[in-house]
Amino acid sequence: MIKTLAQKELVSARRDKRFVLLGAIIVLLLAVAAVSGVVSYNQLSAERNLAQHAADHDFKSQPSRHPHRMAHYGSYAFRPKSSLSFFDFGLDTYTGTMVYLEAHQQNSANFSAVQQSGGLLRFGEMTVAFVLQWLIPLLIIFLTFNTFTQEKEQETLKVLLSQGLTVAQIANAKLQGYAKALSLIILPALLVASLFLLLANGLSIDAGFLLRLLLFLTAYLVYFFIFLAGSILISALNQHSRSALLLLLGIWITACVIMPKVTANLGSLLYQTPSKAEMDATVHHAASHGMNGHDPQDKRTAAFTKALLAKYKVDSVSQLPVNVDGLVMAEGEAYSSKVYAQEFDKLANTYHQQSNVSEWAGLLNPYLAIRYTSMALAGTDAAHYVHFLKAAEDYRYRLAQHLNHLQATKLKYHDKETRLDNSHWKNYPAFSYREPSVGWALGSHLVSVVALLLWGGLLYFFFTRLITRYFTL
Amino acid sequence: MAFVLEAKNLSKNYQEKQALKPLNLQLQPGEIYSLLGPNGAGKSTTINLFLGFIEPTGGMALINNLEVAKHPVEIKKHLAYIPEQVVLYPNLSGFENLSLLSSLAGFDYRADTLNDFLIRSGLPSEAINKRTGAYSKGMRQKVGIAAALAKRAKVLLLDEPTSGLDPKASNEFSELLLQLSAEGTAVFMATHDIFRAREVSSRIGIMKAGELVHELSSGELDAYELEKLYLNYMHD
Amino acid sequence: MKKALRTLLYAEWLNFKTERSLLLFALLILMAGGYGIYSGHAEIQRQRAKIEHLDHLYQENIAELKTKYADTADAGDIGYYHATFARHMPDSWAALSIGQRDANPYYIKLRLLAVHNQLCSSENTNPDKLATGSFDLAFVLVFLLPLFIVAICFNLFSAEKERGTLALVLSQPVSLSTFLLCKLLFRFGLVMLLVVLLTAAGILFTGAQPDGRVWVWLGATTLYCLFWFGVCYAVIVLKKSSAFNAICLLGVWLLLTIILPVIINVASQIKQPVTEGLALTLKQREQVHAGWDKPKDETFKRFFAHYPQYRNTSPVTGRFAWKWYFAFQELGDRSVESLYQTYLSKLQSRADWANRFSVVSAPATFQVLLNAVGGTDLQAHLAFVKSARQFHHRLKAYYYPFLFNDQPFRHADYNGEPRHVYQAKPDKAAISMALLTLAISTAFVFALAFVIQLFTNPELK
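Each residue is numbered by its place in its chain's sequence as written, counting from 1. Labels are handed out in written order, letters beginning with A for the chains and numbers beginning with 1 for the ligands. Where local features are concerned, this predicted model is filtered to residues with pLDDT of at least 70; where side-chain atom pairs are given and counted, the filter is 80 or more; whole-chain, interface and lining totals use all residues. Where side-chain values are given, they derive from all heavy atoms of the structure, hydrogens and water being excluded.

## What to know about the overall build of chain A
Here is step 1 of the chain: By definition, any uninterrupted DSSP run of H or I lasting at least four residues is a helix, any uninterrupted run of E lasting at least two residues is a strand, and each is numbered from the N terminus. Helix and strand counts for chain A come out as 17 helices and three strands.
Here is step 2 of the chain: In terms of C-alpha radius of gyration, chain A reaches 29 Å, well past the compact-globule figure of 23 Å for 473 residues.
Here is step 3 of the chain: Taking the principal axes of its C-alpha atoms as reference, chain A extends roughly 105 × 45 × 40 Å.
Here is step 4 of the chain: To sort residues, take the accessible area from a 1.4 Å probe on protein chains only and compare it with the maximum for the residue type: under 20% means buried, over 50% means exposed, and anything in between is partly exposed. Residues classed as buried in chain A amount to 57% of the 473 residues present.
Here is step 5 of the chain: Residue contacts are counted whenever heavy atoms from the two residues lie within 4.5 Å of one another. Within chain A, contacts between residues at least 6 apart in sequence are counted, and of these 82% link residues at least 24 apart.
Here is step 6 of the chain: Charge-centre separation for chain A: the mean point of 40 positive side chains lies 8 Å from the mean point of 31 negative side chains. Restricting the calculation to C-alpha atoms gives the radius of gyration, and the globule rule supplies 2.2 Å times the number of residues raised to the power 0.38. Counted charges follow a simple rule, with Lys and Arg positive, Asp and Glu negative, and His plus the chain ends left uncounted. The atoms used to mark charge sites are NZ of Lys, CZ of Arg, CG of Asp and CD of Glu.

And the structure:
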């Protein structure tokens, strides 16, 4: 019986001109989004790979040089695009793409797309995720808002009920029927999107990639289910199509347009970000006066030198078997990097606190939950960005220390003339960034994942109960 | 004698379907004309043509010697219309609804005059200042009648006015029509109520499939004979 | 006619007073507008405070240098260790439309070193916040106001028809167009009232200068509202059901406020790629660092071609001298100058391209206009960067005589150092362009509505 009814919903949806038209528009937009995503992914990837190679090549082909010159010559870290990023750009447009890595100094990540665009960028981005997160819920609403109310208005519902069906059965049939109708649009679209993903991934299929893909599909199916069940529920509990539609559109606008902005703004009003200049000053101050403020740099250096003299049992630095310049610089670098790491963690924590307002709001708003989950899976969220910045800083620190070590061991005290040959740079490993695992990615967005599952689960278990309980003809 | 409502070869087609075959009809002041016929016979189409809500395919509808299609706004000064379902603005009181409608018709009545209209139409005085969202169908119709009275219209167009009214309300309504007719208002109504039509009308027309198939004056037949005649037409 | 108009308007007023949904919507938009004004103001106030705090950092830096170089210093050391700031002060209107001000740095830390990398550095910003965007008054006007207009207009005809009140009203001597006009007029009045209220509140709360821009702001917002009333009218005259109207209008809203601007932006990025940024920073490093290895004579020869006044200053004999160091820094700058100019002009032309195509979307045009009024668009940032570049020139002009004439840098000389503040300005050309475009779009929508009206069946049943 339910099957027959579900079939009726499917057939009438397929015959509904609105459904066909909107479905076609959405598939078209998905195609546009996928193609432009791939184009921009390829363009940006190529650009950054090329730049990274050029920078690495420049470093490796430096002639004989004093190691400290090399420390200031420095290196670059370009953030590689994650292969799933074309699916969901996430924050990629708003994050810096390149960090200059030099001794003594932590530079900002520069050249984000938003700084290179006019105001139109702020209207949003045409990505597969945008279509899936914004437009498919809207399609679901348009398709189902009057599924119960129209039957109430035309009194066909009374006929169905007089056949001995319960409201719960009718509701379940509708859920099944519309799920099938939607899958006619969504499944081919998701398949095509997956195909693009494969292409973007260079056709290589590894376990991590497949897992991400699978989680992507699951997350979005849960998201669509939330809207489908919610929309049918609201249609069942309303008396008029008009009021059901207005309520659903109101929910959509609040969930997708208004609330994300409000929570993001609230976050940044509640937690203040220090400016880069302030942060630099703090780092500088702490490095020169000591983290506790009573341990100035010159005193630290003197103590360090004294300990060194004692260790090697000599009276002056020129008698040391190692070059004290390199060691002092290494010591300074270690200290200032520690200070910087501390400040950077504070900054990252501020960002995290700011975004947390929105993430916790995901418990109220499934759109926010899917947004963070999707970005996490695509590797385009703030956590991945911070991860990259830390990797870049880590590389910078190691490189600087490597060069300090060379200076300490291969050069004499106060030697500014000696050049080390090219082999010292040529063999130093270039910066290569490894994306963290899926588990790590989702781990930093547990709230969102739980919110999504909670919404899906609650609607799944209480769908028929709510309808049975609150339904009125 | 001048006619206040007239149809000259008035017809209406929807694509292939003839909703109204050429109709010729004249009403003098004070006349009450009832149009009988099954659903879909073309009664409402005829009324809508006189109201100018739809445009004729052929011929013309005249109100007070003015062609409806050419003077859609002007003719409405001369007619009043009470639809089958009188629907008022639910958030406004009966008084406010009447005030709005009569003011749109170009009249500037004082409050007590408006109250008189409502009382005369039979609206209980305690309901006058309540929101019409809570009114019964009969009460809403009374506000509609009050609006017609307030307009001092020459022609009253009624679309199934008594359907859904209880016998008492229906009877009150008939009496009001006769009273208006005595004052010189012509009434043109579409109805299913053969007995009520026989009772109040001066003339009766029977309509079938868009065509006026029979016309008679009410004195010709008694109610029983009229019903037989009507059913005969419907059987063919 | 006049009387009917008055009566209908009065009836609308009575309805409005009693219909809770309309009141609720109006209240919501007022609240959103209030929050937008507050949060925009908070954002700009924070920027102002940060800019003010820069002075503290600057003085701290000088105090530290004064301790480090107790008597006099080599100007080279100061040029190397001393940082100053180019500041981008927001316009008084910036809080009402934050535009790109949250994405672009509002100050640049500058040292005497090669300038281009310094100009490209960015500020600490939470990318998540940037991606979601500002909740300022401009957001409320550009995005939410149309939704409000749609919400109060979509069923203005269909509801009367569906409820059945239409028949009674139209059996009165009132034409349908008068009837619709009154309803639209009433709603337009309501919307304008809210617009004026919000604008006034915005100006008073944020302290925006009440100059001619008040009229530009109100005029543009009026045009924008008219545009959306035109869109609503075009859909209403189709005389379809309320549900159809709601879906149709939301679809138009989505198309105009999201999909079209997004597509234009993607197109502008594909059509006008800007790769010079990355190339620039790589090249500058090569050029500057090559300075260490080039013979000093050659460096000075090239340098003196630009600064003949220092040609006869004392020669550099040792391994290192600051004047030589800064000479090759400057030569590094000069070698990437043309690349940098290309970079700027490409950014400019990308934004111009996008702005030109924003004609197809009134919301995009309106946003461009509001950002131009607030002096918060990319244009304003580029002007600031240019001014910061000029400031760097002034810094060099101040320090070079110390360096090349081997003049000691005394404590008093810190006071003579040039300072920089750039005051953001409204972009007049962009404003008039956008205003014109908006007027044309509005006229177009009304023409479209009348054409639709011409071709739809005038019958009511």
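## A short note on the interface of chain B and chain C
Here is step 1 of the chain: The partner chain C presents 27 residues to the 31 residues of chain B that form the contact.
Here is step 2 of the chain: Joining two parts hides part of their accessible area as seen by a 1.4 Å probe, and the buried area is that hidden amount summed over both. For the pairing of chain B and chain C, the buried interface totals around 2700 Å² over both sides, and the portion due to carbon and sulfur atoms is 65%.
Here is step 3 of the chain: Together, Phe53(B), Tyr89(B) and Leu104(B) form the three largest contributors to the area buried by chain B at its contact with chain C, with a combined 28%.
Here is step 4 of the chain: Within 3.5 Å is the distance limit for a polar contact, defined as a pair of N or O atoms, with the added protein rule that one can donate a hydrogen and the other accept it, and that residues adjacent in sequence qualify only through two side-chain atoms. Linking chain B with chain C are five residue pairs in polar contact (both at pLDDT 80 or more), by the criterion used here.
Here is step 5 of the chain: A total of five residues in the side of chain B that touches chain C trace back to one element, the largest contributor, which is helix H2 (residues 94–104) of chain B.
Here is step 6 of the chain: Side-chain classes are defined by residue name, with Ala, Val, Leu, Ile, Met, Phe, Trp, Tyr, Cys and Pro counting as nonpolar, Asp, Glu, Lys and Arg as charged, and the others, Gly among them, as polar. In terms of residue class, the side of chain B that touches chain C is made up of 19 nonpolar, four polar and eight charged.

## So, the sheet that holds strand S8 (residues 186–191) of chain B
Residues and elements named next belong to chain B.
Here is step 1 of the chain: Strand pairing follows a simple DSSP-based rule, namely that at least 2 bridges must link the two strands. On the basis of which strands lie adjacent, the open sheet formed by six strands has the order S6-S7-S8-S3-S9-S10 and mixed pairing. Strand pairing shows two members of the sheet lacking a second neighbour, strand S6 (79–82) and strand S10 (211–217), which therefore form its edges. If you compare each strand with its neighbour and ignore which way they point, the axes differ by 15 degrees on average.
Here is step 2 of the chain: By the bridge criterion, six bridges tie strand S9 (residues 203–208) to S10 in an arrangement that is antiparallel. Looking across to S10, one finds that isoleucine 206 is bridged to histidine 214.
Here is step 3 of the chain: Axis definition: a line fit to C-alpha positions, over the contact stretch in the case of helices; interaxial angles, taken between N-to-C directions, run 0 to 180 degrees. Contacting S6 and strand S7 (155–159), helix H4 (residues 137–151) runs over the sheet at an angle of about 180 degrees to S6.

## A look at the confidence of the model for chain B
Here is step 1 of the chain: Confidence in the prediction of chain B, expressed as mean pLDDT, is 88, and 99% of residues score 70 or more.
Here is step 2 of the chain: Quick note on the complex model: pTM equals 0.90, ipTM equals 0.90. Each residue gets a pLDDT score, which is the predictor's confidence in that residue and runs from 0 to 100.

## Thoughts on the nonpolar core
Here is step 1 of the chain: Residue types Ala, Val, Leu, Ile, Met, Phe, Trp, Tyr and Cys, when buried and joined through side-chain atoms within 4.5 Å, form a set referred to as a nonpolar core. Ranked by internal contacts, the top residues of the largest apolar core, which has 257 residues, are Trp134(A), Trp252(A), Leu157(B), Phe188(B) and Leu144(C).
Here is step 2 of the chain: Counting contributing residues per domain, this core is built from domain 1 (5–78 + 154–235) and domain 2 (90–151) of chain B, each supplying no fewer than three.
Here is step 3 of the chain: Counting 72 residues, the second largest nonpolar core, distinct from the first, contains Tyr106(C), Phe300(C), Val385(C) and Tyr414(C). Boundaries between domains were set according to an automatic or database domain assignment.

## Overview of the packing of helix H10 (residues 276–289) of chain A against helix H2 (residues 20–68) of chain C
Here is step 1 of the chain: Where H10(A) meets H2(C), the closest approach of the two axes is 10 Å, and the angle between their N-to-C directions is 30 degrees. With respect to each other, H10(A) and H2(C) are oriented roughly parallel. For the crossing formed where H10(A) meets H2(C), the hand is left-handed. Where H10(A) abuts H2(C), its residues Ala277(A), Glu278(A), Ala281(A) and His284(A) lie against Lys50(C), His53(C), Leu54(C), Leu57(C) and Glu64(C). Small angles under 35 degrees read as roughly parallel and large ones over 145 as roughly antiparallel, with 65 to 115 read as roughly perpendicular and the rest as oblique. What makes a crossing left-handed is the near helix being turned counterclockwise from the far one by less than a right angle; a clockwise turn instead makes it right-handed.

## Let's talk about empty space enclosed by the protein
Here is step 1 of the chain: A cavity here means a set of points on a 1 Å grid, drawn over the protein atoms and nothing else, where a 1.4 Å probe fits but cannot get out; a pocket is an open set with protein on both sides within 12 Å along at least five of seven lines, and a residue lines either one if it has an atom within 4 Å of a point. Grid points are joined across faces, edges and corners, and a volume is the space filled by probe spheres set on the points. Tallied over the entire structure, the rule returns 18 cavities of 30 Å³ or more.
Here is step 2 of the chain: Contributing to the lining of the largest cavity are 35 residues, with Arg122(A), Phe123(A), Gly124(A), Ala131(C) and Thr132(C) lying nearest its centre.
Here is step 3 of the chain: Those elements that place two or more of their residues in the lining of the largest cavity are helix H4 (128–144), helix H9 (241–270) and helix H13 (366–378) of chain A together with helix H5 (127–132), helix H6 (137–153), helix H11 (242–271) and helix H15 (362–374) of chain C.
Here is step 4 of the chain: Split into classes, the residues belonging to the lining of the largest cavity amount to 18 nonpolar, eleven polar and six charged.
Here is step 5 of the chain: Approximately 520 Å³ is the volume found for the second largest cavity.
Here is step 6 of the chain: Taken together, 32 residues line the second largest cavity, and the ones lying closest to its centre are Ser40(A), Leu44(A), Ala113(A), Gln269(C) and Arg350(C).
Here is step 7 of the chain: If you list the elements that add at least two residues to the lining of the second largest cavity, you get helix H2 (17–60) of chain A together with H11, helix H12 (276–290) and helix H14 (322–357) of chain C.
Here is step 8 of the chain: The greatest single-element share of the lining of the second largest cavity, amounting to six residues, is contributed by H2(A).

## Overview of the interface of chain C and chain A
Here is step 1 of the chain: Facing 87 residues of chain C, the contacting portion of chain A comprises 85 residues.
Here is step 2 of the chain: The largest share of the area that chain C buries against chain A comes from Asn124(C), Leu278(C) and Arg285(C), three residues that together contribute 10% of it.
Here is step 3 of the chain: When a carboxyl oxygen of Asp or Glu lies within 4 Å of a side-chain nitrogen of Lys or Arg, that pair is called a salt bridge. Applying the counting criterion to the chain C and chain A interface returns seven salt bridges.
Here is step 4 of the chain: Residue Asp293(C) is joined to Arg65(A) by a salt bridge in which the shortest nitrogen-to-oxygen separation is 2.7 Å.
Here is step 5 of the chain: Here chain C is connected to chain A by 39 residue pairs in polar contact (both at pLDDT 80 or more).
Here is step 6 of the chain: Put simply, the parts of the chain that give the side of chain C that touches chain A at least two residues each are H2, strand S3 (107–110), H5, H6, H11, H12, H14 and H15 of chain C.
Here is step 7 of the chain: At 18 residues, H11(C) tops the list of elements feeding residues into the side of chain C that touches chain A.
Here is step 8 of the chain: The residue makeup of the side of chain C that touches chain A, split by class, is 48 nonpolar, 25 polar and 14 charged.

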